[in-house]
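Structural characterization, general
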Amino acid sequence: MEGGLSPASSTRDDPGDRALPEPDRFRAVMGRFATGVSVVTARWEDAEGGMTVNALLSVSLDPPSVLVSLGAAADTTPLVERSGRFGVSLLAADQMELSERFASRIPSSEKFRGVACHRSPSGIPLLDDTLGTMECEVVEAHPFATHLVFLGRVTHLEEGSDEDPLVFWGSHYATRTGPRTLRLPDPRPIPLRETPRREQGT
Ligand SMILES: Cc1cc2nc3c(=O)[nH]c(=O)nc-3n(C[C@H](O)[C@H](O)[C@H](O)COP(=O)(O)O)c2cc1C
């Protein structure tokens, strides 16, 4: 095939292909993609939960909608599934402790202990003093592998402070060094193996 790609060079079954996306390498590459950090909260009957989430993205402005990807094993996930609603609180740079707390596998009563919150219109806890909060109604839910992906229509939105955001990059948090200045950790070398050169058709 003149000028084309070698047909077998990028298939998953090719044992000679050193560019396979194994989970560790995928994590290392995605770690280069800096994100903000949020806490996704939910409430179902008497149960409340909250988890740190950076797999959050804005999907459309009209209608305002977001997508979150939540691990199926997380305690918060079934609360979102059952209630069909979730809250999002966007963390500021000085809220690293909240991120760590909501990322830990402790009972939700301990997660929320001493944390200043208010309620969304449907009663979901939203964290105080964040960059912004919203309540979303789940319009689609897709299980995939270890996660459930929820598409949520934003039904309530609150603007918060205009502090710097908490940033997560390469398994580290960015730290604040002064007004409106974020300092990212030094980049860590990622042990990427050499990608095999694609052969030109002969
Ligand atoms: C910075 C950061 C980002 C995270 N992002 C996600 C995410 O997007 N989706 C997810 O399922 N878990 C994510 N986690 C892990 C969850 O917060 C963690 O599994 C948590 O214990 C779940 O809490 P729960 O079981 O009480 O609901 C993240 C953790 C950290 C520290």
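Before any of the text, the structure's been laid out above.
Residue numbers run consecutively from 1 along every chain, following the written order of its sequence. Where local features are concerned, this predicted model is filtered to residues with pLDDT of at least 70; where side-chain atom pairs are given and counted, the filter is 80 or more; whole-chain, interface and lining totals use all residues.

**With respect to the site of the ligand**
Around the ligand, the surrounding shell holds 18 residues, and the nearest of these are M51, A55, G71, A74 and T76. Elements supplying a minimum of two residues to the shell around the ligand: β3 (47-53), β5 (64-71) and α3 (96-103). Among the residues forming the shell around the ligand, the class breakdown is eight nonpolar, eight polar and two charged. Residues are classed as near a molecule or strand if the C-beta position derived from their backbone is within 6 Å of it. Secondary structure elements follow DSSP: runs of H or I of four or more residues count as helices, runs of E of two or more count as strands, with numbering from the N terminus. Note on residue categories: nonpolar means Ala, Val, Leu, Ile, Met, Phe, Trp, Tyr, Cys or Pro, charged means Asp, Glu, Lys or Arg, and polar means any other residue, Gly included.

**With respect to the pairing of strand β2 (residues 38-44)**
Residues with at least 20 other C-beta atoms within 10 Å of their own are called buried, those with 12 or fewer are called exposed, and the rest are partly exposed. The C-beta atoms themselves are positioned from the backbone. By the criterion of burial, β2 is predominantly enclosed, with six of the seven residues buried. Of the pairings in the sheet, the one linking β2 to β3 comprises seven bridges and is antiparallel in character. Counterpart to W44 in the pairing with β3 is A47. Connecting β2 to the next strand, β3, in antiparallel fashion are two residues, including E45 with a positive phi near 50°. Two strands pair if DSSP finds at least two bridges between them.

**With respect to the environment of H147**
With respect to the helices and strands, H147 occurs in strand β10 (residues 147-159). For the pair H147 and S69, spaced 78 residues apart in sequence, the C-alpha to C-alpha distance is 6.3 Å. Remark: residues whose backbone-derived C-beta atoms lie within 7 Å of one another are considered to be in contact. What H147 contacts, discounting residues up to four positions off in sequence, is S69, L70, G71 and A72.

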